[in-house]
Amino acid sequence: MYINQNNPRTLVFSLLPLKKTGGGESYTFNCANSISTSGIDCDLVAPVEGNFIRIKDNSRFESLFEIKRFIGRQSSFSNFHEKYRDILSNIPNYKYIWIHQYLASSLVFDLLVLTHNKQIILFTNHGFEENYHDFWIRYIKLPNHFFLEVSQYSARRTKKYTSNVSYVYGGAWKSKLAKLSTTSLEKKKQFVCVGRLLPHKGFEVAIDALSKDDTLVIIGPDSEDDSYKKFLQMKAKGKNVHFTGEILLTDKDKIISESVALIANSSSVTYHQRTFEQSELLGLVVIESILNNTLPITSSQPALKEIMTVLKLNELVYTERDFKSLKSKMLFIHSLPDAKYQLLLDKAKEIIMEQFLWDNYWLSVKDIINHKNTLHEAEAYEKK
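Thresholds applied
- Residues numbered from 1 in each chain as written.
- Predicted model: local features only at pLDDT ≥ 70, side-chain atom pairs only at ≥ 80, totals over all residues.
- Heavy atoms only, no water.
- Helix = DSSP H or I, 4+ residues; strand = E, 2+ residues; numbered from the N terminus.
- Rg over C-alpha atoms; globule rule 2.2 N^0.38 Å.
- Buried < 20%, exposed > 50% of the residue type's maximum accessible area, 1.4 Å probe, protein only.
- Contact = heavy atoms within 4.5 Å.
- Areas by Shrake-Rupley, 256 points an atom, 1.4 Å probe, with all protein chains shown as cover.
- Lys, Arg positive; Asp, Glu negative; His and termini not counted.
- Charge placed at Lys NZ, Arg CZ, Asp CG, Glu CD.
- Disulfide = S-S within 2.5 Å.
- Pairing = 2+ DSSP bridges.
- Axes fitted to C-alpha atoms, helices over the stretch in contact; angles between N-to-C directions.
- 1 Å grid on protein atoms, 1.4 Å probe; cavity = no way out; pocket = protein on both sides within 12 Å on 5 of 7 lines; lining within 4 Å.
- Points joined across faces, edges and corners; volume = space filled by probe spheres on them.
- Nonpolar A, V, L, I, M, F, W, Y, C, P; charged D, E, K, R; others polar.
- Salt bridge = Lys/Arg side-chain N within 4 Å of Asp/Glu carboxyl O.

Caption draft 1: Representation of the overall build of the protein within the structure. In terms of helices and strands, the protein carries 14 helices and 14 strands. For 384 residues, the compact-globule estimate of 2.2 N^0.38 gives 21 Å, and the protein sits close to it at 22 Å. Its C-alpha atoms give the protein principal-axis dimensions of about 65 × 40 × 40 Å. Counting the 384 residues in the protein, one finds 55% classified as buried. Summarising the internal contacts of the protein: among those between residues at least 6 apart in sequence, 73% fall at separations of at least 24. Accessible surface, the protein: about 17700 Å² in total, of which carbon and sulfur atoms supply 52%. When the 49 positive and 43 negative side-chain charges of the protein are each reduced to one mean point, those points stand 2 Å apart.

Caption draft 2: Representation of the state of the cysteines within the structure. A complete count under the given rule lists zero disulfides for this structure. Note on Cys31: no disulfide assigned, nearest cysteine sulfur contributed by Cys42 at a separation of 9.3 Å. Judged by relative accessible area, which is 1%, Cys31 ranks as buried. Look at Cys42 and you get buried, because its relative accessible area is 0%.

Caption draft 3: Main features of the sheet that holds strand S12 (residues 259-264). What the six strands build is an open sheet, ordered S11-S10-S9-S12-S13-S14; its pairing is parallel. Both outer strands of the open sheet, strand S11 (240-245) and strand S14 (317-318), are each paired with one neighbouring strand and no more. As paired elements, strand S9 (residues 190-194) and strand S10 (residues 215-219) share four bridges and run parallel to each other. Looking across to S10, one finds that Cys193 is bridged to Ile218. Of the strands in this sheet, S12, strand S13 (295-299) and S14 touch helix H11 (residues 302-310), which is tilted by about 145° from S13.

Caption draft 4: How the structure looks around empty space enclosed by the protein. The final tally for this structure, using the stated rule, is two cavities of 30 Å³ or more. Considered as a void within the structure, the largest cavity measures approximately 50 Å³ in volume. Forming the boundary of the largest cavity are Tyr102, Leu103, Asn125, Glu129, Tyr132, Trp136, Glu149, Arg157, Thr158 and Tyr161. Looking at the lining of the largest cavity, the elements with two or more residues in it are helix H4 (132-138) and helix H5 (152-158). Here the lining of the largest cavity is built from residues that sort into five nonpolar, two polar and three charged. What the second largest cavity holds in volume is close to 40 Å³. Lining the second largest cavity, in full, are Leu122, Phe146, Phe147, Leu148, Asn164, Ser166, Val365, Ile368 and Ile369. Looking at the lining of the second largest cavity, its residues break down into seven nonpolar, two polar and no charged.

Caption draft 5: Geometry of the pattern of salt bridges. For the structure on display, the rule yields 21 salt bridges. Its salt-bridge partner being Asp43, residue Arg69 comes within 2.7 Å of it at the nearest N-O pair. Within this pair, whereas Arg69 is found in strand S3 (residues 64-70), its partner Asp43 is found in strand S2 (residues 42-47), the two being separated by 26 residues in sequence. The same class applies to Arg69 and to Asp43, which are both buried. In this structure, the salt-bridge partner of Glu130 is Arg54, at a minimum N-O distance of 2.7 Å. Pair noted here: Glu130 is in the loop between strand S6 (120-124) and H4 and Arg54 is in the loop between S2 and S3, with a separation of 76 residues, a long-range link. With relative accessibility at 49%, the residue Glu130 sits in the partly exposed group. Look at Arg54 and you get partly exposed, because its relative accessible area is 47%. A cluster of three or more residues bridged by salt bridges with shared partners is formed by Lys19, Glu66 and Lys68.

And the structure:
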């Protein structure tokens, strides 16, 4: 049992496993790392098995969870496993409890029922919303609860149900930004897409937009939707399209850095007309592109458009699902002289440095909590 008097006072708890390499998993890991970087010890806890969120009987208490223990201002962490029942027994001992993917399962209430009013409870959504309606029916608003979403778009969605909502951008470590050098377009020929091969990612739009001279590399896990994978392979016949599957991070970074643009095609409507209200809630892939000295092109999906607007890259946003609109942006990128390409990159990097750093992310979160608490105390005083 991992409970002892030296335990961290901050818990980041993910309702979903953190085994995959998607944006949500990366975001959760970096939130915990940001807490540690600020000098505060932190436990990052997530289920080992992906089916945990669907276990509704008492057997769930025997499920194993992985605990990554971050020690303040150290980049390393220790790993160990505990049963869910032991995780729950320690819930009252934390000062901060930060629940990621809180809309994934009704098991979120296992945690909430054990919290008390001297704790700060934070909620962050990364898009897995299987328990969306149930959560908002059962949730009871409390003054020590704070919904901290990943974008303004995501925060607007949450504000339909509760008022105590804010957002903070995250996405890059200062050390990674500082290493970036200038870019030569002579070495950049291909286009690249990054993400799991799932229909809402809209990879087919990029394939349709390719000219006979263009090359497209699609990077990401390809085992989650066989029918969509076959659909993309059919679309790609006769074109220069390469599917890498899941690859090492270093290899992915190299491919992105050698690309003239990274294309993010996420769409609210899939190729078979299924609708997604939130195909993206932030779009970390845009930051990933900049961090590899490559300009992004994105669809006009709300979260992607938001981040591109913040980064002053509006002119690189195409009309969602319109391959002709995308083709015009690809031609525009090809036409850019080195100086203009670099200017757009440099401006985006400056904004990332100002608004998207993990280094001070947790401090920004604390500022929001303190501000909200001050407002709450003032309101309570006025009611007396």
